[in-house]
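Chain and residue survey
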Amino acid sequence: MGGLCTGAGGRSLSVMWKTVSEDCNLACDYCYYSTCGGKPGKINRIDFALLDTFMKDYMRHTDGVAAFAWQGGEPLLAGLDFFEEAVALQAKYAPPRTVISNALQTNGTLLTDKWAAFLKTYRFLVGVSLDGPKDIHDARRVDARGQGSYDRVMNGIGHLRRHGVDFNILTVIHKGNVNRAAELLAFYKREKFDHVQFIPCMDFRSQETNRPGVYEITPEEYGLFLSEAFDLWYNGGAPELSVRFFDNMLSVYMNEQAELCIHRSACPDMLVLEQNGDAFPCDFFIGEEWKLGNVGVHSLDDILASPVYDQFKALKPRLPEPCRSCQWKALCHGGCPRNRNWSDNRMTSEPDYFCASYQMIYAHADERMKSLAGGLRLRQFESNVRRYLKGKVPGRNDPCACGSGRKFKQCCLDDVQSASLV
């Protein structure tokens, strides 16, 4: 859930702000960021002067679209007055006809009718952390007293639904649910959760940039989980649920680019901002070594020109030897640089911790993904030919009518000929 503007040199820039730094009202034992144990004390929210300074600079770099992602800790601890000021500053500094969007990731326990009304008014996209049914969720997602948060989260979701707020579910996959994929998907269906994403449980904190990127679950466990979840998601070729991982796989089979940064060929241009304005290139690289500057002190152009940024962006393309000839390279692109064990000079690395997981799910889903994508591409192709091309099939070197952006001869030509559409 990121935001886009046009940074230095016309590059698109995604921005995520740690609204209250590590402050959180829950004490989830697996949290990769917060260390306050559910006792935040005085809330360390973004100072209004800093917010004003950044908003003004950011909006100068926008090109028709300005999007903001607010995370934590628990961002709602910043208070409704903070977000009211944030959207006011967005409106104040946005160039005419700029489309402004906001995304927010929350544990859901602080959502009220008033919050939901605000989020609907300003069209926030909300991510809610929910690990599954009550017994699974309450085992790990607890407050400082050790009490589970499931009932409070579901109450918060109720407020979102009553106000028609767009939201999705984020589920951490850990030892308590990695062997319960069928139960999770049945839960999503029963509760009518239409958009879901999985995040494997980390065994390190984002601030510990020198620790290996290892996880609570094994690669085999995660691969088996994804394979079982895929079988249920596929639903005989008619998926009814949006699962971000599978949606991204399908995009590649549709000759499009994956949306998840993990499975793209390069890390996106991104800034992660701490509550005090410190800027970093990624949510998994929050440490002094990777600090790019401070948005309260340095201009956005200066921050993006930091040599540290170039060092970070050079990591992902340095694929380990096994990745370079892997049959699944187009789907994975080596995974996340944080999940590779690097040499001291960061010139070489081992494959992603979840390499075996990805190979397992890719092989398991390949034939069905090809079938699903082929059908979807043909339907989109036919629809676009009728709607935009007046029934005329594009030429071999013209953009494919499926919308992939590739030339027709490099995309859907063979499928269209097989289906006797030309």
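Residues numbered from 1 in each chain as written. Predicted model: local features only at pLDDT ≥ 70, side-chain atom pairs only at ≥ 80, totals over all residues. Heavy atoms only, no water.

1. With respect to the overall build of the chain
If you tally the helices and strands in the chain, you get 14 helices and 11 strands. Relative to a compact globule of 422 residues, whose C-alpha radius of gyration would be 22 Å, the chain shows 22 Å and is just as compact. Expressed as a percentage of its 422 residues, the buried residues of the chain come to 53%. Within the chain, residue pairs in contact and separated by at least 24 positions form 67% of the contacts whose partners lie at least 6 positions apart. (Helix = DSSP H or I, 4+ residues; strand = E, 2+ residues; numbered from the N terminus. Rg over C-alpha atoms; globule rule 2.2 N^0.38 Å. Buried < 20%, exposed > 50% of the residue type's maximum accessible area, 1.4 Å probe, protein only. Contact = heavy atoms within 4.5 Å.)

2. What about empty space enclosed by the protein?
Under the criterion given, the structure shown has 1 cavity of 30 Å³ or more. One number sums up the size of the largest cavity: a volume of about 30 Å³. Around the largest cavity, the lining residues are F245, N248, M249, V252, H263, L331 and Y362. The dominant element in the lining of the largest cavity, judged by the number of residues it contributes, is helix α8 (residues 244-253), at 4 residues. For the lining of the largest cavity, the per-class residue count stands at 5 nonpolar, 2 polar and no charged. (1 Å grid on protein atoms, 1.4 Å probe; cavity = no way out; pocket = protein on both sides within 12 Å on 5 of 7 lines; lining within 4 Å. Points joined across faces, edges and corners; volume = space filled by probe spheres on them. Nonpolar A, V, L, I, M, F, W, Y, C, P; charged D, E, K, R; others polar.)

3. Things to note about the pattern of salt bridges
Pairing is possible between side chains that carry opposite charge, provided their charged atoms lie close to one another. In this structure the tally under the stated criterion is 21 salt bridges. In this structure, the salt-bridge partner of E221 is K175, at a minimum N-O distance of 3.0 Å. You can see E221 sitting in helix α7 (residues 219-234) and its partner K175 sitting in the loop between β6 (167-173) and α6 (181-190), a full 46 residues away along the chain. Judged by relative accessible area, which is 18%, E221 ranks as buried. Looking at K175, the relative accessible area reads 44%, which means it is partly exposed. (Salt bridge = Lys/Arg side-chain N within 4 Å of Asp/Glu carboxyl O.)

4. A few points about helix α13 (residues 355-388)
For an α-helix, 3.6 residues make a turn, and residues three or four places apart therefore share a direction. For α13, which comprises 34 residues, the first-to-last C-alpha distance of 42 Å sits more than 12% below the rise-based estimate of 50 Å (1.5 Å per residue). Of all the bends in α13, the greatest measures close to 55 degrees and is centred on D366. Two residues or fewer after α13 comes K390, characterised by a positive phi angle close to 55 degrees. (Expected span 1.5 Å × (residues − 1). Bend = angle between axes of the 7 residues up to and from the residue.)

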